[in-house]
Amino acid sequence: MRMKRRGELLRRQIGICIFTWKARQGYDKIALLHPAGDYYNRKAQNKMKLLITGGTVFVSKFTAAYFAGRGHEVYVLNRGTRPQAEGVNLIKADRNSLGSALNGMYFDAVIDVCAYKEADINNLLNAGIKFDDYVLISSSAVYPETLPQPFNERQPIGKNSIWGDYSSGKVGAEVCLTSRYPNAYVIRPPYLYGPMQNLYREPFVFECADLKRKFYIPGDGEMKLLFFHVEDLCRFIYIILREHPDNHIFNVGNTQPVSISTFAELCYRAAGAPLEKVFVKDHPNQRDYFSFHNYEYLLDVSLQNEIMPEQKDLYCGLKESYEWYKSNKEEVRKKPYIDFIDRNFQ
């Protein structure tokens, strides 16, 4: 056991002993006053006090709702400009201008969904916060596209030219966090999908299905995509916080990729619509009319599968995503793919 974690456990044990002794003396409300008492009560109930950065859109909001819905004490850090997930506690602040908003606060874990660059990590760690575990949701975009595939956690990270500044920022965030807090856990997902999806990815295909449109597919449709359901991400975070595996960097994702042609079929099926495919052979930029980059990559997820071997079936996950989309279309950030198709391919 690492010395830092051993010292933390010793501090907790001393605090719990103080709590127990004072409780026997009649101080039945000591848990409200002493952090160790809070810790003892939460652990007895198998609950955690969590800080989740963001909490207002897609991954961060789903994560906040997931843990709050399971009885954990969830705090979200955001500017308070959007509706919050049910059951969370709002810390209203900008992570890049925190002031004293987090000073002296203790959490069992920080789940950092919204760190996109080195400064985001430094600003949070310099804010006087105390925690036991830190989980960073990074990205598979940290693997340069020139590396051999499938990408694995032992490979060096660096800028991926497909993802540009987003890739460089995520690399900087990872390096900063792991240098300052080596016990942190880093999760590298592929394309995330599921309810609360605000990006115009599967919602674009759903919209085409609802409008009974033909669907325009790049090339021969065999380019592979790798997905991971946002609920599986939350389940994996929980496993990490519960079991503290020896590995601290994990690729996550479905074990099997899917072709873009099959992906379109599953989305239309989830929407209950017939699909007529049109294969686009000669247009140079598929992002003009399709919601994914012309970039096929695979992840080695064997370390993930050692501790969470099962993932949600892609069709079932897309069905859940579609059911949410039907009632929340206004939350999706649309792009002009349909307008481009109508102007150029009709």
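Residues numbered from 1 in each chain as written. Predicted model: local features only at pLDDT ≥ 70, side-chain atom pairs only at ≥ 80, totals over all residues. Heavy atoms only, no water.

Caption draft 1: Quick peek at the sheet that holds strand S1 (residues 49–53). Spatially, 7 strands are ordered S3-S2-S1-S4-S5-S6-S11 in an open sheet, and the strand pairing comes out parallel. On the outer flanks of this sheet lie strand S3 (89–92) and strand S11 (249–251), each paired with one strand and no other. Recorded for the sheet is a direction-independent mean angle of 20 degrees between the axes of neighbouring strands. As paired strands, S1 and strand S2 (residues 73–78) are joined by 5 bridges and run parallel to one another. The residue bridging Ile52 from the neighbouring strand is Val76, located in S2. Taken strand by strand, helix H3 (residues 58–68) contacts S1, S2 and strand S4 (106–112), and its axis lies near 165 degrees from that of S1. (Pairing = 2+ DSSP bridges. Helix = DSSP H or I, 4+ residues; strand = E, 2+ residues; numbered from the N terminus. Axes fitted to C-alpha atoms, helices over the stretch in contact; angles between N-to-C directions. Contact = heavy atoms within 4.5 Å.)

Caption draft 2: View of the pattern of salt bridges. A complete count under the given rule lists 13 salt bridges for this structure. A salt bridge links Arg235 to Asp232; its shortest N-O distance comes to 3.0 Å. Taken together, the residues Arg235 and Asp232, both in helix H7 (residues 230–243) and 3 residues apart, mark about one turn of the helix. On the accessibility criterion, Arg235 (28% relative accessible area) is partly exposed. With a shortest N-O distance of 3.6 Å, Glu323 and Lys319 are connected by a salt bridge. You can see Glu323 and its partner Lys319 sitting in helix H10 (residues 314–327), 4 residues apart, about one turn around the helix. The class for Glu323 is partly exposed, based on a relative accessible area of 36%. Relative accessible area serves as the criterion here: at 30%, Lys319 is assigned to the partly exposed category. Three or more residues joined by partner-sharing salt bridges are found here, namely Glu231, Lys312 and Glu320. (Salt bridge = Lys/Arg side-chain N within 4 Å of Asp/Glu carboxyl O. Buried < 20%, exposed > 50% of the residue type's maximum accessible area, 1.4 Å probe, protein only.)

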